[in-house]
Amino acid sequence: MADKPSEIVQGTLDMLILKTLALEPMHGYGITERLEQMSKGTFRVNAGSLFVALQRLQRGGMVKSEWKATENSRRAKYYILTQQGRRMLDSETREWGRQVAAIARILEA
Amino acid sequence: MALLRNLVDGLRSLLRTERVSKELDEELDGFIEMAVEEKMKQGISRRDALRAVRLERGSLEVAKEAVWSARWECVVDTVWQDFRFALRMLRKSPGFAAAAILTLALGIGINTAIFSLLNALIKPLNVPEPDRLVRVFSGRFGTSYEMSYPNYVDLRGSAQSFSELAVYSFPQPMSLGGVTHSGAATSERVWGIVASGNYFETLGISAVLGRTFAPDEDRTPDSRPLVVISHRLWRERFNEDPHVIGLTVKLNGYPFEVIGVAPDRMLRGGLLLSNDLWVPMMMEGEAMPGQSFKLTNRNETFLNVIGRMRPDVSLAQVRAEAKTLADRMERDHPKENHQFGLSVLTEREGRTPFLPGLEQFGWILMAIVALVLFIACANVAGLVLVRALGRRRELGIRMSLGAGRWRLVRQLVTEGIILSTCGGLLGLGIAALAIRTILKFAPPLPLEISLDASLDHRVLMFTLGASLATGILFSTLPAFRSTKPDVTRMLKAGDAVVGESRTRMMGRDALVVGQIAVSLLLLIVGGLFIRSLGKAQRIDLGFDPTNRLLASADTFLAPYSDEQSRTFDARLLEEVRSLPGVIDVSSTAFVPLSGGYLGDGQVYIEGEFPVPDYERPKVFYDRVGASFFRTMGTPLLAGRDLTERDVNGSAQVTVVNQTFADTFWPAQNPVGKRLKLNSSDSPWIEVVGLVPTGKYLSLGEAPQRHLFLAGHSSGLVIHTAGDPHQYMQAIRAAVQRLDPNLAVASVETMNEHLGFAFYSPRMSAFLLGLFSVLGLSLAMLGLYGLLAFVVRQRTHEVGIRIALGAGSHDVLSVVMRQGVLLVALGMTLGLSAAYAASQVVAGFLYGISGRDLLTFGEACLLLAFVALLAMYMPARRATQIDPMVALRYE
């Protein structure tokens, strides 16, 4: 790990969770693991923010959940991306891309 | 969709808290376990792994709390917690809760009662689209008169703004006969309305049984004898028989066919005279025998006009059209419609001629009871303040354990709202009782008044609003005050207050000052109305009401010829005169103070300077029988009483009152002068007597010119030797003996009759007196309670003073000095408020001004006395404090 893990940029956690779930359904711990892996250890999510975000996404209809056995045959709640969630991910990704490009242009100017 | 899922999810977690929380626990536990396992793979011990995970991922408990408080149902849950806790706290002090609830229930109850009466006056009629209904009056310069039938026909013919325009008469007495199942002929007096054929259509009301009139059934005079009966008549007289439709009934002896039954409680809203039946306008000649000329005479104004505006027309447009039409109607009939005008009022504005005054009085009452509620609120606020001091330790502990100030305030306000809601519920019961009591004292009128004071949705909303508002009002200030973040002092001080803060005392003092001010205001207003009633009862009526009896038989409704009814009246007079105990008997066409008059006419004085008719003064007149003034106990100032010869003779004579004489023959003896009534072609009438000016239309009227014409009239006035009640039966029997088919209209004592005229001063004195006494008692209870509490708080200090040698006089003055100051301040404020308020109520008073010094003085003395008493009792107790006990008090 090169740097100390940092908090996720505000307002992006929902989008990042949806992205991890776009690959396959996953349980809470799996989501944090994957976020850490994919960010190469830059982002670390604490349990509180993660589950608040998951609850919000579920109530918003972006994900649904079901209890399943893990590969270690432990019971865990798996979160599955819904159609609505996929659409939201697409639009948020596009919007994020636009913003990052804009910010980059400003910083490079 | 998302909202719905959110809602369902939230409800699920509320209703199955345990299951949802277990699920969350399991998920979080799983999360931690997986993280720990991952760490342990790197060869760390389980304990170290656990610690590391907690460090990296945050504590499990915090996560759980975060998830929980992100849900909306969390708010519901805390409110529910507050609610349960508040209930528990109130259960712990039942005395406090009961006192607060009862005080509030009384305040909210009378507010609800008065509001529902006011609401009944001003709420819209229960017909479709009541806001499109307007009333049209003929009259100009702010005066409003009923309309004549010919003018109505012209108006309906040319007005474009109305989809319907209808007229109807006031309820008129009619005799309904010939419908008993047993076959016996009876007749009873009912009240009927004569209405145009489109009356029901205009209102948008259809019959519950049968049908209402069709417009074409009201075209030709005397052609369609149809009648729609009221639901009440159908119930009481016809036993709700569905076969009543098509039945023939006799109205004033004429056969009428029943075609429909009007809905129950038809036309609720406002103060309405309820009637028993409706007949088409064109049947006026049968419904009111001998009155059919009213249909063709443009001067006979006897109709109420109600119209339904077309949906695309505004009130301003209707008024504009009415102005144009009025000018045209004046041009077409310059003689009858001289200075003609049409005023268009909304249905509510034009309901009854006396509604504006009643409504204003309703608002005054509303303000008065709101003040009583304010006193009740202040009382409860005082209780809450006292109680909050006792709860300082509890609140202090909760604050030091981390409870936020907001949370505590919310908790205390929740308690307040619970109290006031309970008070409101109990208040509804009190209101229902109060309304029933007030309505029981209905003004004595021959026909029923329908005032729909039911607790409808508006009243319930009012009560709910009043309850919430009072709850928040009396609990918010004490709540903020007692949760000042000053934990250490709160914990240390405990019950005994050491160095109480200045602001806290100011809150209490403000309560005392406010209560004193408001109760003085209430006392003065109540006192004004009570004194006004006293004055009203001493008003010179122009006659002596004691031991006088009134009786009338509706001969005009019977199929009698003029000659027959004269004979009947004369025989009845003789029958009554021969009854033992009857001192005098005479007759009058219209008893004074009936709320109406027989007639008014233009006067032509012999030898006067001629003026055009429309500038001629109008005078009220009555037709009375022989020895009328002796029978009524009216003294004659000049001339003589009327005799049989005056009544039956060919020459017309009259007695005038002082105001009449002063107007037309100032400083002259009117006896022997001559005048004409209504037209210069009518015969001369000679003045034979002069009587003092009495009251004729209402108690509050300015002196009126009045004529008493000698003539045939059928209302009997009887001067009896003793209690007039004991003669009633004999008089009824006499009427029955003369004609068993005749419906006796009424037999009542003069004092009962005057109940109508005295109704408003009596009722207002009763209500305002009651409310001011109620307000005063509440305020004094509050004052006593607060002072008793202050004395208890100062026990320690007083003990020291006594130990140092202070006498009981010193102690008294120390304790009372502050109180006296507050009372004086409150009274000053109350006096200024009363001075302002007296202008508003002055119009409702008889014989005194709104600034009656005596009333102001008496109210001040009474309040000062009672307030001093309320303070003296606790202060007296302070002087008896045993210093040893007091010093050990801590």
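Just so it is clear, the model here is predicted, and its values are computed rather than measured. (Residues numbered from 1 in each chain as written. Chains lettered and ligands numbered in written order. Predicted model: local features only at pLDDT ≥ 70, side-chain atom pairs only at ≥ 80, totals over all residues.)

**What to know about the overall build of chain A**
Rules: Per the convention used, a helix needs a DSSP run of H or I reaching at least four residues, while a strand needs a run of E reaching at least two, with both numbered from the N terminus. Residues with at least 20 other C-beta atoms within 10 Å of their own are called buried, those with 12 or fewer are called exposed, and the rest are partly exposed. The C-beta atoms themselves are positioned from the backbone. Residue pairs qualify as contacts under a 7 Å threshold applied to their C-beta atoms, which are placed from the backbone.
Regarding its fold elements, chain A presents four helices and three strands. The order of α-helices and β-strands along chain A, N terminus first, is α-β-α-α-β-β-α. Here the C-alpha coordinates of chain A stretch approximately 55 × 35 × 20 Å along the principal axes. Evaluated residue by residue, chain A yields a buried proportion of 27% over its 109 residues. For chain A, contacts bridging at least 24 residues in sequence account for 51% of all contacts bridging at least 6.

**Here's the deal with the overall build of chain B**
Counting secondary structure elements, chain B contains 27 helices and 25 strands. With the C-alpha coordinates aligned to their principal axes, the bounding extent of chain B is approximately 130 × 80 × 60 Å. Looking at the 890 residues of chain B, the share that counts as buried comes to 40%. If you take every contact in chain B between residues at least 6 apart in sequence, the share linking residues at least 24 apart comes to 82%.

**Some remarks on the interface of chain A and chain B**
At the interface, 16 residues of chain A touch 19 residues of chain B. Those elements that provide at least two residues to the side of chain A that touches chain B are α2 (28-38), α3 (47-59) and β3 (75-81) of chain A. Sorting elements by how many residues they give to the side of chain A that touches chain B places α3 of chain A first, with seven residues.

**What to know about helix α7 (residues 149-158) of chain B**
All names here are of chain B. Formally: Taken from the helix axis, the directions to the C-beta atoms give the arc we talk about.
Residues Tyr-149, Asn-151, Tyr-152 and Leu-155 constitute the buried set of α7. Across the axial projection of α7, the buried residues extend over an arc of 155°, all falling on one side. Every exposed residue of α7 that faces more than 90 degrees away from the buried side is listed here: Gly-157 and Ser-158. On its buried face, α7 sits against β1 (133-138), β2 (147-148), β3 (162-169), β12 (301-309) and α11 (315-332).

**Considering unusual backbone geometry**
Residue and element names in this part refer to chain B. Residue Glu-129 is not a glycine yet carries a positive backbone phi of 45°. Structurally, Glu-129 is set in the loop between α6 (94-122) and β1. In this structure, Ala-667 takes a positive phi of about 60° despite not being glycine. Tracing the chain through its elements places Ala-667 in the loop between α21 (658-664) and β21 (674-677). A count of 6 C-beta atoms within 10 Å places Ala-667 in the exposed class.

**What to know about the packing of helix α2 (residues 17-41) of chain B against helix α4 (residues 60-69) of chain B**
Residues and elements named next belong to chain B. Keep this limit in mind: Fitted lines through C-alpha atoms give the axes, limited to the stretch in contact for helices. The angle between two N-to-C directions lies from 0 to 180 degrees. Each angle receives one of four descriptions, namely roughly parallel if under 35 degrees, roughly antiparallel if over 145, roughly perpendicular if within 65 to 115, and oblique otherwise. In this scheme the handedness of a crossing depends on how the near helix is turned from the far one: anticlockwise by less than a right angle means left-handed, clockwise means right-handed. In this classification, the charged set is Asp, Glu, Lys and Arg, the nonpolar set is Ala, Val, Leu, Ile, Met, Phe, Trp, Tyr, Cys and Pro, and all remaining amino acids, among them Gly, are polar.
As a packed pair, α2 and α4 sit with axes 11 Å apart at the nearest point and diverge in direction by 140°. As far as their axial angle goes, α4 and α2 are oblique. For the pair α2 and α4, the crossing hand works out as right-handed. Counting all contacts with α2, which are made through Leu-24, Leu-28 and Ile-32, the residues of α4 involved are Leu-60, Ala-63, Lys-64 and Val-67. Residue composition of the contact of α2 with α4, by class: six nonpolar, no polar and one charged.

**A closer look at the packing of helix α23 (residues 750-793) of chain B against helix α26 (residues 853-879) of chain B**
Residue and element names in this part refer to chain B. One can describe the packing of α23 onto α26 by two numbers: an axis separation of 9 Å at closest approach and a directional angle of 25°. One way to sum up the angle between α23 and α26 is to call them roughly parallel. Handedness of the crossing formed by α23 with α26: right-handed. Of α26, the residues touching α23 (which contributes Leu-776, Met-780, Leu-783, Tyr-784, Leu-787, Ala-788 and Val-791) are Val-866, Ala-867, Ala-870, Met-871, Met-873, Pro-874, Ala-875, Arg-877 and Ala-878. Looking at the contact of α23 with α26, its residues break down into 15 nonpolar, no polar and one charged.

**So, the nonpolar core**
Residues and elements named next belong to chain B. To be explicit about the condition: To count as a nonpolar core, a set of buried Ala, Val, Leu, Ile, Met, Phe, Trp, Tyr and Cys residues must be joined through C-beta atoms within 7 Å. Domain delimitation follows an automatic or database domain assignment.
Judged by nonpolar contacts, the single largest core of 152 residues is most densely connected at Ile-368, Val-372, Leu-520, Leu-521 and Val-525. The residues that make up this core include at least three from each of domain 3 (358-538 + 758-887) and domain 4 (555-742). When near neighbours in sequence (up to four residues on either side) are disregarded, Leu-521 contacts Leu-371, Gly-830, Ala-833, Ala-834 and Ala-837. Counting residues in hydrophobic clusters, the runner-up holds 59 residues, among them Val-258, Leu-277, Ile-306 and Ala-322.

**Re the pairing of strand β9 (residues 254-261) of chain B**
All names here are of chain B. Operational definition: Two strands are counted as paired when DSSP detects at least two bridges linking them.
Alignment of strand β6 (residues 209-210) against β9, held across two bridges, turns out to be antiparallel. When the sheet's bridge partners are listed, Leu-209 is paired in β9 with Val-261. Here strand β7 (residues 226-229) runs beside β9; their pairing, made up of four bridges, is parallel. In the sheet register, Val-228 faces β9, and the bridge partner there is Gly-260.

**Looking at α26 of chain B**
Short version of the rule: Multiply 1.5 Å by the residue count of a helix minus one, and that product is the helix's expected span. Across the chain, bend at a residue is computed as the angle between axes fitted to the seven residues ending at that point and the seven starting from it.
Here α26 of chain B contains 27 residues, and its C-alpha end-to-end distance of 38 Å stays within 8% of the 39 Å for a straight helix at 1.5 Å per residue. In α26 of chain B, a bend of some 30° at Tyr-872 of chain B exceeds every other bend along the element, and Pro-874 of chain B, a proline, comes one to four places later.

**A closer look at the sheet that holds strand β1 (residues 26-27) of chain A**
Strand pairing within a sheet occurs via backbone hydrogen bonds; the two strands may be parallel or antiparallel. Residue and element names in this part refer to chain A. One open sheet accounts for three strands, arranged β1-β3-β2; its pairing is antiparallel. The sheet is open, and its two borders are formed by β1 and β2 (63-69), each paired with just one other strand. Pairing of β2 with β3, which is carried by seven bridges, proceeds in the antiparallel orientation. From the neighbouring strand, Lys-68 faces β3, where its bridge partner is Ala-76.

**Brief notes about the environment of Val-409 of chain B**
All names here are of chain B. Note that Val-409 resides in helix α14 (residues 405-440). Note: C-alpha distance between Val-409 and Ser-482 (73 residues apart in sequence) is 8.8 Å. Residues contacting Val-409, with those up to four places away along its chain left out, are Ala-479, Phe-480 and Thr-483.

**Quick notes on the environment of Gln-42 of chain B**
Locating Gln-42 of chain B in the fold gives a position in the loop between α2 and α3 (46-57). C-alpha of Gln-42 of chain B to C-alpha of Ala-702 of chain B: the two residues are 660 residues apart in sequence and 108 Å apart in space.

**Section: the environment of Glu-217 of chain B**
Residue and element names in this part refer to chain B. Here Glu-217 shows up in the loop between β6 and β7. On the neighbour-count criterion, Glu-217 (17 C-beta atoms within 10 Å) is partly exposed. Taking the C-alpha atoms as reference, Glu-217 lies 42 Å from Val-647; in sequence the two are 430 residues apart. Leave out the neighbours within four places in its chain, and Glu-217 touches Gly-197, Arg-224, Leu-226 and Pro-280.

**Focus on the confidence of the model for chain A**
The predicted coordinates should not be examined in detail at positions where pLDDT is low. To keep things clear, this is the line we draw: Confidence of the predictor at the level of single residues is captured by pLDDT, which takes values from 0 to 100.
Residues at a pLDDT of 70 or more form 91% of chain A, whose mean pLDDT is 84. Mean pLDDT across the secondary structure elements of chain A bottoms out at α3 of chain A, with 85, and peaks at helix α4 (residues 83-108) of chain A, with 90.

**Remarks on the confidence of the model for chain B**
All names here are of chain B. Within chain B, residue pLDDT values average 82, and 91% of them lie at 70 or more. The low-confidence segment residues 179-184, where pLDDT is below 50, has two contacts with residues more than four positions distant or belonging to other chains. Confidence drops under pLDDT 50 across residues 494-499; counting only partners more than four residues distant or on other chains, this segment forms seven contacts. Predicted as a complex, the structure gets a pTM of 0.75 and an ipTM equal to 0.84.

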